[in-house]
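Next come the chains, spelled out residue by residue.
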Amino acid sequence: MKLLYKTTQNFLLAMSVILAVAGIALYLLLRKEVTDEITEQLELQAELVADQVAQGKIVNFPLISVSEVSADFPSNKSLGDTLIYDRLQQKNEGYYYLTLIKKVNQRNYRILVMTSYIGWERYYKTIFISFLGVALWMAFFGILINYYSNRKIWRPFFLNLENLKQFSVRSAQPLQWHDSTIAEFKELQYSLKDLAERSRREYLALREFTENASHEIQTPLGIIQSKLDRMSQLEVNEEMARCIVQAKSGVERLSKMNRNLLLLAKLDNQVYSEKQLVRVDELMQQHLEQMEELFSVRNIALSKDLCPVTIKSDRYLCDVLLSNLLSNALRYTSSPSEIAIFLSEQQLIINNPGAALDFSSEHLFDRFTKSANQPQGTGLGLAIVHQICVLNGWTIAHTYRMGVHYFSIDFN
Amino acid sequence: MKLLLIEDEPFLLDEMEAYLTEQGYRCEKAMSFEAGEDKIALYEYDVVILDITLPGGNGLTLLQMLKKQHSEAGVLIVSAKDSLSDKLIGFNLGADDYITKPFHLEELNARVNALVRRKSFKGNSQIIVDNLTIDPVAKTVFHQETLINFTKKEYELLLYFIINKNRVVSKQSIAEHLWGDHYDMADNFDTVYVHTMNLRKKIAAHTGIDYIKTVYGMGYKFTSA
């Protein structure tokens, strides 16, 4: 539930309770006051009637009756209401009456005085209606004021929230903050600003670290490799030779992985922002010529259908993209078989027959995802391909149908 | 041939010096920016192998100094940075070649060799091994007067072997030399095997000598007296 609805709802609830209590209290108080006042008035009237009786006057007023009663008549005072027919309005009206016994000149008189009253029903109705009116107006204006002022007050908050949703530590632009006059929002904004700046700083430091670490690793790797090369020049027995070969293969893998990580770090750092016009078909052709023997040794035929295509991208990245896709096809194609490559203005498709993935296909483009059958791979080749596609705004998809892997890149 | 090796990593420097000396080059070493600066100012070299990140300064500054002196030396940049922009900057400043760490010494040797040939003979040098004559410009190989037909890759492979003769050349090193290091072949060197076998057969068919020996699983060695 939105905060605005919640506060409005609470406000309405509280208001209805307050109004209901106030209405009932008003009704009860009014009733007590009016009853007391009427009683006093009736008593005074009875007193005046008694005075007139004492002076021997004949009291003959409407709504007043005086009658002589026996001396032992119980002298209780009673207050009550009754209905009297109103001839003018042609309906029964409610009246209050007071009867009391007064001793005047040694004689007992029963005096009855009456006065009309507005029926409590009507008091009740009037109060209810006016309070309901007040409630409705208050609710209406309350909601209106709440809504508009809240909208104004919360505006910077929502704008900042929207900004925050778009926020990425990768983006180079700092966040645009919308100022608010509300202290709490100001505080929130400062905290968020601080948080965003800190995470960005840390992200940059991490990125820099990855790049530096990769660079620093290259030199020791170079030493290991050159020393292993030196060792393999010596006269060694077969066991030692095997050890050297295995060590070399480890160094090779480490060095490739390192280079790939470095490339990924650079892609993240958006080092390759320059774009040139690249003839993809020519580039592909060069790669295929270069790789010709690699395919033929594995008994893999190539069928290609390349249209002349020019795209705007970084040349080096296109190179990496194609070589990684082709290396991937080379490695995972069953042999003998055929790899098919289609290139059109819109897309590049490479299909190669091969075993199904032994992991979930959604992880295919993740870093360090690799098949259990090919532990020598770095698991970074396709991650790099994916990253290059993201950088260029292309979409890459993989499907597996009837024993064939389809990799397609959409250039639009 | 006089070489200057400017590299701050002593172990690597030793290894480079040892192998290049074996190949018949006279090598001098510098382990810092200042040492390199002194040597460049004082002596003439045929080839300078230059590390970019040096204690005391940037190798590219040394390259600029060399060019200011109108030095004839060929410059091979050795860098831990496999970055295109570094490469382009290096080439723009007049470097002749660029190799990224870690590298195989055979590859370094092949690059130095190519650089020396290009510089000192303007490319018109023939390489002669026993009765084999290689013309690096025409990319042809003759046995006595007969042309031996090699594919492009076989020719490159033979040249690589000959330049690194009497040394065990690993399959990784061959694969990287022939196909570049961007095809991740993951220890699958069947192609290297096939090419080497074809090369051996062709040479043996013409000369009757099998120059290339298999060394356990480590690689191959081109031996000649």
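Residues numbered from 1 in each chain as written. Chains lettered and ligands numbered in written order. Predicted model: local features only at pLDDT ≥ 70, side-chain atom pairs only at ≥ 80, totals over all residues. Heavy atoms only, no water.

Colleague: How do you make sense of the pairing of strand 10 (residues 395-401) of chain A when you look at a structure like this?
Modeller: Consecutive side chains of a regular strand alternate in pointing toward one face of the sheet and then the other. Residues and elements named next belong to chain A. With seven bridges connecting them, strand 10 and strand 11 (residues 404-410) associate as antiparallel partners. Bridged to I396 within strand 11 is I409. Joining the antiparallel neighbours strand 10 and strand 11 is a turn of two residues, in which M402 adopts a positive phi near 50°. (Pairing = 2+ DSSP bridges. Helix = DSSP H or I, 4+ residues; strand = E, 2+ residues; numbered from the N terminus.)

Colleague: Would you mind going over the packing of helix 6 (residues 315-332) of chain A against helix 7 (residues 381-392) of chain A with me for this structure?
Modeller: Describing two packed helices takes the angle between their axes plus the distance from one axis to the other. Residues and elements named next belong to chain A. Remark: helix 6 packs on helix 7, axes separated minimally by 9 Å, with the N-to-C direction vectors making an angle of 140°. With respect to the hand of their crossing, helix 6 and helix 7 are arranged in left-handed fashion. Taking contact as the criterion, the partners of L317, V320, L321, N324, L325 and N328 in helix 6 are, on helix 7, G381, L382, I384, V385, I388, C389 and L391. (Axes fitted to C-alpha atoms, helices over the stretch in contact; angles between N-to-C directions. Left-handed = near helix turned anticlockwise from the far one by under 90°. Contact = heavy atoms within 4.5 Å.)

Colleague: Can you walk me through the packing of aromatic side chains in this structure?
Modeller: Think of a pair of aromatic rings as described by two things: how far the centres are apart, and how the planes are tilted against each other in angle. Within the structure shown, the criterion is met by 12 aromatic pairs over all chains. Between the aromatic rings of A:W154 and A:F157, the centroid separation amounts to 5.1 Å while the plane-to-plane angle is 90°, which identifies the pairing as edge-to-face. Of this pair, A:W154 and A:F157 both sit in helix 2 (residues 120-166), three residues apart, which is roughly one turn of the helix. Owing to a relative accessible area of 22%, A:F157 belongs among the partly exposed residues under this scheme. On the numbers, 5.1 Å between centres and 5° between planes, the contact of B:Y211 with B:F222 is stacked. Of the two residues, B:Y211 is situated in the loop between helix 8 (190-207) and strand 13 (212-215) and B:F222 in strand 14 (residues 219-222); the sequence distance between them amounts to 11 residues. The buried category is assigned to B:F222, whose relative accessible area is 0%. Joined through ring pairs, the aromatic side chains of A:W154, A:F157, A:F158 and A:F185 make up one cluster. (Phe/Tyr/Trp six-rings, centres within 6.5 Å; stacked < 30°, edge-to-face > 60°. Buried < 20%, exposed > 50% of the residue type's maximum accessible area, 1.4 Å probe, protein only.)

Colleague: Even after reading the chapter, I still don't get the packing of helix 6 (residues 152-163) of chain B against helix 8 of chain B, so can you show me in this structure?
Modeller: Residue and element names in this part refer to chain B. Across the interface, helix 6 lies against helix 8 with an axial gap of 10 Å and an inter-helix angle of 80°. If you check the angle between helix 6 and helix 8, you find them roughly perpendicular. Across from K153, E154, L157, L158 and F161 in helix 6, the residues of helix 8 making contact are H195, T196, N198, L199, K202 and I203. Taken together, the residues of the contact of helix 6 with helix 8 break down into five nonpolar, three polar and three charged. (Parallel < 35°, antiparallel > 145°, perpendicular 65-115°, else oblique. Nonpolar A, V, L, I, M, F, W, Y, C, P; charged D, E, K, R; others polar.)

Colleague: What should I look at first to understand unusual backbone geometry in this one?
Modeller: Phi is mostly negative for residues that are not glycine, and the peptide bonds are mostly trans. Cis peptide bonds are those with omega within 30 degrees of zero, and the linkage from B:K101 to B:P102 qualifies with -5°. For B:P102, the position within the fold is in the loop between strand 7 (97-100) and helix 5 (105-120). Unusually for a residue other than glycine, A:Q106 sits at a positive phi of about 65°. Relative to the helices and strands, A:Q106 resides in the loop between strand 3 (91-104) and strand 4 (107-116). Despite not being glycine, A:M402 has its phi angle at roughly 50°, a positive value. Topologically, A:M402 is positioned in the loop between strand 10 and strand 11.

Colleague: I tried to follow a nonpolar patch on the surface on my own but got confused; where do I start?
Modeller: Residue and element names in this part refer to chain A. A contiguous nonpolar patch, built from W137, F140, F141, I143, L144, I145, Y147 and Y148 and spanning about 840 Å² of accessible area, is present on the exposed surface. For F141, the location among the structural elements is in helix 2. The exposure class assigned to F141 is partly exposed, which follows from its relative accessible area of 40%. (Patch = residues over 30% accessible without salt bridge, like charges linked within 9 Å, V, L, I, M, F, W, Y side chains within 5 Å. Areas by Shrake-Rupley, 256 points an atom, 1.4 Å probe, with all protein chains shown as cover. Salt bridge = Lys/Arg side-chain N within 4 Å of Asp/Glu carboxyl O.)

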